[in-house]
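A structural walkthrough
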Amino acid sequence: MRDDQRAALRRYLVTDARAGSVERLIAICAAALDGGITTVQLRAKGWTDRQLLDAAAALRPICRDAGALLIVNDRVDIALASGADGVHLGVDDLPVAAARHSLGPDALIGNSPETDADRQQAERDGAGYLGIGPVYGTTTKGDAGAAIGVEGIRRAVAATTLPVVGIGGIDVETATAVIEAGAAGVAVVGAVFLASDPRDAAARLARAVVG
């Protein structure tokens, strides 16, 4: 992983289908990037392929201008077609090795392992970082499982050489504790993307999670 990619994991925004439209999703992300978000993951469950591609294609130049990364959840094809910086994969998605083969050596591939065996496989196959959680209770991902707390982040960091991004129920008040547990970054959904003022929410997160 390049140093600039690792640094960009610091303040990581995950989008939500509740934006309702591509235009609204883009507007929210633009405001959040202006507030200090450093990576955007396009995730919009239930959207059509065309909507996802339109969103990714529109986000790519906005992220580039902000010096941020664009990651696409699950969809290697959308990442390729839009020129995104990489993908984030779960255990039921395309394997990391297959995504690496398709995207090439420079793409950033994240993985959300569920077991130690999953983590070890992701490490061997070329994942660039791990998404670990839910750290706290979350309402934005119905299958997220039980909260692991900051101790779970600490254990995950100790078990891998890859950067760890904490996700799940993190907000401005709890983000610092996740970083202090060793995480390279924090991923947020509701705390910024669903906030009434995404720019202000992102700016408050940036003050809490510097670097």
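Overview of the structure.

1. A look at the side chain of D16
By the secondary structure assignment, D16 is in the loop between β1 (11-14) and α2 (22-35). Of the polar contacts made by the side chain of D16, one reaches the backbone nitrogen of R18; its length is 2.8 Å.

2. A short note on helix α5 (residues 96-103)
Turning to α5, its buried residues are V96, A99, R100 and L103. The buried residues of α5 occupy one face: seen down the axis, they fall within an arc of 100 degrees. Looking at the buried positions of α5, the neighbouring elements they touch are α4 (76-82), β4 (86-90), β5 (108-112) and α6 (116-125). In the segment just after α5, G104 is the residue with positive phi, at about 90 degrees.

3. Notes on unusual backbone geometry
Looking along the chain, the bond that leaves G133 and enters P134 is cis, with omega of 0 degrees. Relative to the elements of secondary structure, P134 occurs in the loop between β6 (129-132) and α7 (149-159). Non-glycine residue D74 carries a positive phi angle of around 75 degrees. Positionally, D74 belongs in the loop between β3 (69-73) and α4.

4. Some remarks on the packing of helix α8 (residues 172-180) against helix α9 (residues 198-208)
Two elements in contact, α8 and α9, have axes whose closest approach is 9 Å; the angle formed by their N-to-C orientations is 35 degrees. Regarding α8 and α9, the two cross each other, and that crossing is right-handed. Note on element contacts: α9 touches α8 through A201, R204, L205 and A208, opposite V172, A175 and T176.

Conventions and cut-offs
Residue indices begin from 1 for each chain and proceed along its sequence in written order. Only residues with pLDDT of at least 70 get local features here, since the model is predicted, and only at 80 or more are side-chain atom pairs given and counted; chain-wide, interface and lining totals rely on the full set of residues. As a rule here, side-chain values cover all heavy atoms of the structure and leave hydrogens and water aside. Helix numbering and strand numbering both begin at the N terminus, where a helix is a DSSP run of H or I of at least 4 residues and a strand a DSSP run of E of at least 2. Identification of polar contacts relies on pairs of N or O atoms within 3.5 Å, with a donor-acceptor requirement for protein atoms, meaning one able to donate a hydrogen and the other able to accept it, and with residues adjacent in sequence counted only if both atoms are side-chain atoms. Type-normalised accessible area, obtained with a 1.4 Å probe on protein chains alone, sets the label of each residue: buried when under 20%, exposed when over 50%, and partly exposed for intermediate values. Relevant arc is that of directions from the helix axis to the C-beta atoms, nothing else. Whether two residues touch is decided by their heavy atoms; if any such pair falls within 4.5 Å, the residues are in contact. Lines fitted to C-alpha atoms define the axes here, with helix axes fitted over just the stretch in contact, and angles between the N-to-C directions of these axes take values from 0 to 180 degrees. Take the far helix as the reference: if the near one is turned anticlockwise from it by less than a right angle, the crossing is left-handed, and if turned clockwise, right-handed.

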